[in-house]
Amino acid sequence: MDAVWSGTWVAERLGVRLEEAGDPGSPRLDELLGLALRRNPKRAHLLVSQVLGKHVPQSPRAVYAAGYGLGERVRALLGDEAAAAVVLGYAETATGLGHCVADGLGATPYLHSTRRPVPGVEPAGGFEEAHSHATSHLLLPEDPKLLAGSGPLVLVDDEFSTGNTVLNTIRDLHARHPRAHYVVVALVDMRSPADRGRLTAFAAEIGARVDLIALASGTVHLPEGVLAKGQALVEEYKRQGAGAQAPGVPAPGAPAPGVPAPGVSDRAPASAAAPVGRIVLDWPAGVPDGGRHGFTPEHRARLEAALPALARQLADALGAEPGRVLVLGNEELMYAPLRLARALEESGAAAEVRFSTTTRSPVLAVDDPGYAIRSRLVFPAHDTPADGPGDRYAYNVAGAGFDTVVAVADTHGDTGALHAPDGLLARLAPHAGRVLLALVPSYTPDTSSGVSSDRREPIMPEPILPEPLRGPAFSSYAPEDCGWLLQDLSGAALEAPTEEREEAIQAGGAHYAESLPVEYQPSPQYQELYQSALTASAARIARAVGTVTETVLAERSPSPVLVSLARAGTPVGVLMRRWARARHGLDLPHYAVSIVRGRGIDPNALRWLAAHHDPADVVFVDGWTGKGAITRELAAALEAHREAGGPGFDPEIVVLADPGSCVSTYGTREDFLIPSACLNSTVSGLISRTVLRSDLVGPADFHGAKFYRELAGADVSTGFIDTVAARFDEVAEAVDAEVKELLAADRTPTWEGWAAVERISEEYGIHDVNLVKPGVGETTRVLLRRVPWKILAQRGAGADLDHVRLLAEQRGVPVEEVDGLPYTCVGLIHPRFTRGATGADGKAVTSK
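Quick look at the structure, then.

What counts and how
Residues numbered from 1 in each chain as written. Predicted model: local features only at pLDDT ≥ 70, side-chain atom pairs only at ≥ 80, totals over all residues. Heavy atoms only, no water. Helix = DSSP H or I, 4+ residues; strand = E, 2+ residues; numbered from the N terminus. 1 Å grid on protein atoms, 1.4 Å probe; cavity = no way out; pocket = protein on both sides within 12 Å on 5 of 7 lines; lining within 4 Å. Points joined across faces, edges and corners; volume = space filled by probe spheres on them. Buried < 20%, exposed > 50% of the residue type's maximum accessible area, 1.4 Å probe, protein only. Pairing = 2+ DSSP bridges. Salt bridge = Lys/Arg side-chain N within 4 Å of Asp/Glu carboxyl O. Axes fitted to C-alpha atoms, helices over the stretch in contact; angles between N-to-C directions. Contact = heavy atoms within 4.5 Å. Expected span 1.5 Å × (residues − 1). Arc of directions from axis to C-beta. Phe/Tyr/Trp six-rings, centres within 6.5 Å; stacked < 30°, edge-to-face > 60°. Lys NZ or Arg CZ within 6 Å of the ring centre and 35° of its normal.

Some points on unusual backbone geometry
Item 1. The peptide bond linking Gly471 to Pro472 adopts the cis configuration, its omega dihedral lying at 0°.
Item 2. Structurally, Pro472 is set in the loop between β18 (434–440) and β19 (483–484).
Item 3. Residue Arg567 follows Ala566 across a cis peptide bond; omega there is 5°.
Item 4. Mapping Arg567 onto the fold places it in the loop between β23 (561–565) and α14 (570–584).

So, in C-alpha cells, the structure goes:
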C-alpha cells in the first residue's frame, strides 16, 4: 500500500471521508478503496477498488483471492443449500468478481448481466442501474432454465452503496421465479442506515430471506453540496492543468500554484510506439469466454485443465524476458484475462504480473499519489456496441512502467477500430516496451432450440427517448418549424478561445465535437454586410429553396419528413418546410439531428425517427457541399446502421447548393453566398454546433447542443427565414421551369470538387485534403472558427466575398486571387503554421 492513501486528494478538497463499520478482523476501507472524481450528474465521487482489477492494476493472485474468499464465505453460509445456488454478477465492473465468487462457492453455475445483446437470444430479465452512466442490463442465459430454479440466488457487485441495483434485480427476477433465499455479495458494503433498513423492509415485503456478505463495511460521509462542489472541482482542475484528461477541454497549460500536475493521458502518442504482436490462444472448444450466457461447473473444469497450457502459450509468445507484464482485459471480458494473468503469474515466466481491464466509465485523472486514478488512455469502442460508438478508457496504465502489455480481447472485438491509429493498441504502444494482442474466441450460444439465430431485430428493451426540443424553450424558431432531436447542454462549460481549443485538440487528440468555439460576435460593420448580402441574395436563395423542395416532392416522396443536419442544414430545412406549406399547403415534419465527422449520425435520433415515421419518407437536408465529406459520412453511417439491424434510410442527402457536385438533389450548383453561412447560432435558432462527449452524452441520449438565450438581442434567425420566404411568389415561375429541366437532366454527381481539392492540396504543398475547405460556406467557417493560413479567391469575385474579405482583414489572413478556381473561394489550413486542424475523423491532423 502506498504511504499516502489514494483517497487523500479528494478527501481534502471535498470533505469526503470513509467511516468504518465492520468487524475488527475485516480489512480497513482505506486498504480496499481509493477515491476519484467523475463527471456524473448523479454521483461525483468514485470509490476505486484496489482489489477488483478494473481501474487499478493489481496482482491477479490478490484479485482472484478476494472474490474466491467471498465465495467460500457464501458456501459456509448456505451449507447444504449451496448445491442448488446460482451466482449472478453485474456488468461491467463485477463480471470477473462474480465469476471468482462462483469458483469459491463450488460446483455452481454462473451468469453475468451484459450490455451486448445477441441476435437470437431472448432476455431472461433486465433492469436499470440508477447511478451509472450506462444503465441497461440484460440477462441472456443460453439455458433459459438457469434462473428458473428455486435455490438461492447469489448476486455479486463490486460495491453495495444504496442497494437500488440489487433491489431492482431481485424485484424483476422474483416476479418471474420466486425463491426463498437471496445472498448479496460485495467487496464493500457502504450503505447508509436508511438504505440498510430499506433492504430489510424489502425482504419482508417479498417474503424472502436476504443476506449480505462483504469484505468490509462502512459509510461514505458526503458533506452538503458535495455533488455541485465535486463537479466544479472537475471543471476547475481541467482548466488549470489537466485539460488532456478529458475530451473537449481547453488547452492544457502549466498547473496553477498548489494544483498537482496533470495525470498522464493518451490521445496522441507521446513517445516511440512499441511493436504490437498478435496471438490467437488455444482456448478449449465450447468453453465460453465468460459468463455472458452462462458458465457451468463442466465449463470450469475444462478451463482449469487448459490453463497451464494457455499460460505456456502466452509465455512463449512473450519471450525470455518480458519484464513487468500487465494483462489488460476488456470491459465485460474480465474473468478470462484474470485467469490467464494468474496462470502466467504462477508460472514464474515474468518478473511481475499485474491485471486490470478497460472500462466505459469516464473518470478524471490526476497524477498525485493521493489520488486513485493517476493516468488514463482514451480510445474508441472496438466491439461494435449496440448503443453506438463512444470513448473507452484504460486507467493507471500510462506512466506505470510496464515492459509488456498483453491486451486480451474476444474475436468479436477484433475489429478495425481496435487496430486503428487511435485504437486501443495504438494508445498502449507508447507506454510499454511491447504490446501483445491475445485473442480468445467469442462464445456463440446455441439457439437451435429457441428463437431462430438469424433474427436481426435488437432484443434489448429500448430505452424511451424524449420528445424533440422545440422553441421557445429550445431555439428561437417557432415550435412547428423544427423539432430538435438533441439534449440541452446549455448549462455545461464547453467553450474555449479558438487558439486554446485548437491546441487542446491537437495536443490531446480530442475530437472537435467534444468542445465548442466561443461564439463569434459580429461587429456592426459585419452585421451590415450580412444584411446587405441577405437583401441582395434573398430571391436567389428562395429560388434554390423552391427548386430543391420541388425536386424532393417529385422524386423522393409526396409527403417527406425533412431531417436537417444541425446546424448548417437547419435553416434550409425550415425554408423547405415553409415552401411546401406556401405552395402546396403541406405541413411537413422537420427535425434537426446531429452528425459528427468520424463518429457518424446520432443513432438514437435514427431510432426515434424510425419509431415515429416511415424511414422511406425521411429526407436528410444540409446547407451546401464543400468537398463532400459529410455526404460520405452520412452514407457510411446509414449503411453501418442498416448492417447492425436498423431500418434502412435513404443516404442521398439534399442540399441548397452543391458546388462540389457531390449529390443529385440540389437547389443550385453555383458557389454563391448563402447569408446563413455568415453567422453562427444567431442565424440558426440560437443553437450551438452539436456536441458528442461521453461524459455528457450517454448511450441512450441524443447528442447535445447549447441554446444561447443570452444572444437573443442579436438573433436574426426568423428574420432570415421571413426575408427569403417573402420572395417565394416572385420566383415560383422560374422554379417550375428549372425543376422541369432538372428532372430531365443527368444530375449524376461528378465529385469534381473533390478532385479540385486534391489538386489544390498538392499545388500548395499541403498534401492533406482535410486542410482544404472549399466554397464560400466552408471558407466562412474557417474564418469564424479556425486558425486559417490563407484564402484563395476566384479572380474578379464580387460582393459574394465581401464578408470573407472583411473577416480575413480582421484576422490578418491574406487573400490570394487566382485563376481557374472551381469555387468562388477556398480556405486553407496548414499545420506547419497553425495548430489544431482536424481531419476526416474529426481529430487532430499532426504536423508533417
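Read on for the rest.
Re empty space enclosed by the protein
Item 1. Enumeration over the complete set of coordinates arrives at 10 cavities of 30 Å³ or more.
Item 2. Size it by volume and the second largest cavity reaches roughly 130 Å³.
Item 3. Around the second largest cavity, the lining comprises 14 residues; the ones closest to its centre are Arg116, Arg292, Glu331, Glu332 and Asp383.

Notes on the pairing of strand β14 (residues 352–358)
Item 1. Most of β14 sits inside the fold, with 5 of its 7 residues counted as buried.
Item 2. Sheet analysis places strand β13 (residues 324–330) next to β14, joined by 7 bridges and oriented parallel. When the bridges of β14 are listed, Asn330 appears paired with Thr358.

What about the pattern of salt bridges?
Item 1. For the structure shown, the criterion picks out 38 salt bridges.
Item 2. In this structure, the salt-bridge partner of Arg116 is Asp383, at a minimum N-O distance of 3.7 Å. With Arg116 in the loop between β5 (110–112) and β6 (125–127) and Asp383 in the loop between β15 (375–380) and β16 (391–395), the pair connects residues that are 267 residues apart, well separated along the chain.
Item 3. Overall, Arg116 belongs to the buried group, its relative accessible area being 15%.
Item 4. Assessed through its relative accessible area of 9%, Asp383 is described here as buried.
Item 5. Put simply, Asp481, Arg577, Arg578, Asp587 and Asp722 are held in one network by salt bridges that share partners.

Topic: the sheet that holds strand β33 (residues 815–818)
Item 1. As summarised here, the arrangement of the 4 strands in space is β31-β34-β32-β33, forming an open sheet in which the pairing is mixed. Pairing within the sheet leaves two strands with one partner each, and these edge strands are β31 (772–774) and β33. Pairs of neighbouring strands in the sheet enclose a mean axial angle of 20°, with direction left out of account.
Item 2. The pairing of strand β32 (residues 790–794) with β33 spans 4 bridges and is parallel. Looking at β33, one finds that Ala793 is bridged to Glu817.
Item 3. Strands in contact with helix α19 (residues 752–763) are β31, β32 and β34 (825–828); relative to β31, the strand with the most contacts, it is inclined by about 140°.

With respect to the pairing of strand β2 (residues 33–37)
Item 1. In terms of burial, β2 is largely enclosed, as 5 of its 5 residues are buried.
Item 2. Where burial is concerned, the two faces of β2 agree: the one with Leu33, Leu35 and Leu37 and the one with Gly34 and Ala36 are both buried.
Item 3. Taken together, the 5 bridges between β2 and strand β3 (residues 45–49) define a ladder with antiparallel strand orientation. Paired with Ala36 across the bridge in β3 is Leu46.

Considering α19
Item 1. Over its 12 residues, α19 extends 16 Å from the first C-alpha to the last, a length consistent with the 16 Å expected when each residue adds 1.5 Å.
Item 2. Inspection of α19 places Gly753, Trp754, Ala756, Val757, Ile760 and Ser761 among the buried residues, and these make up the whole buried set. Projected down its long axis, α19 carries its buried residues within an arc of 160°, all on one side.
Item 3. Residues of α19 that are buried in the fold lie against α16 (629–643), β31, β32 and β34.

Focus: the packing of aromatic side chains
Item 1. Per the stated rule, a full pass over the model turns up 10 aromatic pairs.
Item 2. Plain terms: the ring middles of Phe474 and Trp484 are 6.0 Å apart, the flat faces sit at 75° to each other, and that makes the pair edge-to-face. Pair noted here: Phe474 is in the loop between β18 and β19 and Trp484 is in strand β19, with a separation of 10 residues, a long-range link. The same class applies to Phe474 and to Trp484, which are both buried.
Item 3. A ring pair is formed by Tyr477 and Trp484, whose centres lie 6.4 Å apart and whose planes are at 10°; its orientation type is stacked.
Item 4. Owing to a relative accessible area of 2%, Tyr477 belongs among the buried residues under this scheme.
Item 5. Lying over the aromatic face of Trp579, Arg583 brings its terminal NZ or CZ to 5.8 Å of the ring centre.

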